[in-house]
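Residue-level structural notes
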Amino acid sequence: MNMTTANSTASATDSTAPGPARMPVFFVPHGAGPCFFMDWNPADTWDRMAGFLKGVAATLPEPPRAIALVSGHWLEPAFAATGQARPGLIYDYSGFPAHTYELSYPAPGEPSLAARIAGLLGEAGQPAGVDPSRGFDHGVFIPLKLMFPKADVPVVQLSLRGDLDVAAHIAAGRALAGLRDEGVLIVGSGMSFHNMRGYGDPRYTPVSARFDAWLTAAVESDAPLRESLLRDWAAAPDARACHPPGGEEHLLPLLVAAGAGAGSPGRKVYSEEVMKTTLSAFRFG
């Protein structure tokens, strides 16, 4: 065989080698504090949600290279990403059993990805920075302990913007969409219903069901209509009963996810009634 031809063939093969598979985007519920890791009454309250979270990894086209997760528990004046190489945990819940303040999730951070995220947001007109000291709040480590229990995938957390501006959060997700083609799994972690007064109250069962039906139809609409509907989510049936004014921080991770999932079909992948309210998860792509 002619050596030059062999080398040329090898070079051509290498240059056309497929890159990482495009990752989907998820919006997942993270439950109530450390609910999955303690006793609850009834004992099976969180079992189906836990089962859903444990099954997410198996639905991916390949293991993610890294995870970028936006949680409803971190708000800053401008978007920020965690820049620690070894982030600690923030036990930002209270009144739970002592052992839940000893939970661990030693996933590494990835400072270079944090800087990349901040850069992409800045280029899209969304000022952003890197927080070199913040750890992971429970909106991160609680669901990830179930989704990726080995804690061997680098994680960067993204904050919400404190003004809760809807369009800015959709735009932030859109700015990060290209990371999906680099093996980065983008996750929004929140709750599709989050009115603390409503949990356990049967009067909120039909209220949450109506809003969930609207939310599902919006997510499953074609992308341009989906974005238009989600921008105006507060006008949906019972929206403010499910996410009171100024308290929509648990819904905004879905808007980031929808922005990152622009161009991909959206669908509901989990739903059930928990504590008298309907809670759901969504996937894009």
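Per chain, the residues get numbers from 1 upward, laid out in the order the sequence is written. Reporting of local features is limited, given that this is a predicted model, to residues whose pLDDT is at least 70; pairs of side-chain atoms are given and counted only at 80 or more, and all residues count toward the totals for whole chains, interfaces and linings. Hydrogens and water are ignored here; the side-chain numbers use all heavy atoms of the structure.

With that settled, consider the packing of aromatic side chains. Only centres within 6.5 Å qualify two rings of Phe, Tyr or Trp (six-membered ring in Trp) as a pair; their planes then separate them into stacked at under 30 degrees, edge-to-face at over 60, and tilted for everything else. Inspection of the entire model under this criterion finds 13 aromatic pairs. Taken together, a centroid distance of 6.2 Å and an interplanar angle of 80° make the contact between Phe-36 and Trp-46 edge-to-face. Of this pair, Phe-36 sits in the loop between β1 (25-29) and α2 (47-55) while Trp-46 sits in the loop between β1 and α2, and the two are 10 residues apart along the sequence. Trp-46 shares its class with Phe-36; the two are buried. Centre to centre, the rings of Tyr-91 and Phe-141 are 5.7 Å apart; their planes meet at 75°, and the pair counts as edge-to-face. With a gap of 50 residues between them, Tyr-91 in the loop between β3 (79-82) and α3 (111-123) and Phe-141 in helix α4 (residues 138-147) connect regions that are remote in the sequence. Under the scheme applied here, a residue whose accessible area is under 20% of the maximum for its type counts as buried, over 50% as exposed, and between as partly exposed, the area being computed with a 1.4 Å probe on protein chains only. Residue Tyr-91 is classed as partly exposed on the basis of its relative accessible area, which comes to 28%. Counting from the N terminus, the helices are DSSP H or I runs at least four residues long and the strands are E runs at least two residues long.

The next thing to look at is the packing of α3 against helix α5 (residues 166-176). Axis definition: a line fitted to C-alpha atoms, limited for helices to the stretch in contact. Angles are taken between N-to-C directions and run from 0 to 180 degrees. Packing of α3 against α5 leaves a shortest axis separation of 9 Å and a crossing angle of 120°. As summarised for this structure, α3 and α5 are arranged oblique, according to the angle between their axes. When the axes of α3 and α5 are compared, the crossing they make is right-handed. Residues Ile-117, Leu-120 and Leu-121 of α3 lie in contact with α5, whose contacting residues are Ala-172, Ala-175 and Leu-176. When an angle is under 35 degrees it counts as roughly parallel; over 145 it counts as roughly antiparallel; between 65 and 115 it counts as roughly perpendicular; any other value is oblique. Left-handed describes a crossing in which the near helix is turned anticlockwise from the far one by less than a right angle; the clockwise case is right-handed. Residue contacts are defined here by distance: any two heavy atoms, one from each residue, within 4.5 Å place the two residues in contact.

Here the amide bond leading from Asn-41 into Pro-42 is cis, since omega sits at -5°, within 30 degrees of zero. Along the polypeptide, Pro-42 turns up in the loop between β1 and α2. The backbone of Ala-151 sits at a positive phi, close to 55°, despite the residue not being glycine. Within the secondary structure, Ala-151 sits in the loop between α4 and β5 (155-161). With a phi angle near 50°, Met-275 is a residue other than glycine that sits in the positive phi range. Within the secondary structure, Met-275 is located in the loop between β7 (266-274) and β8 (277-284). Met-275 sits in the partly exposed class, given a relative accessible area of 30%.

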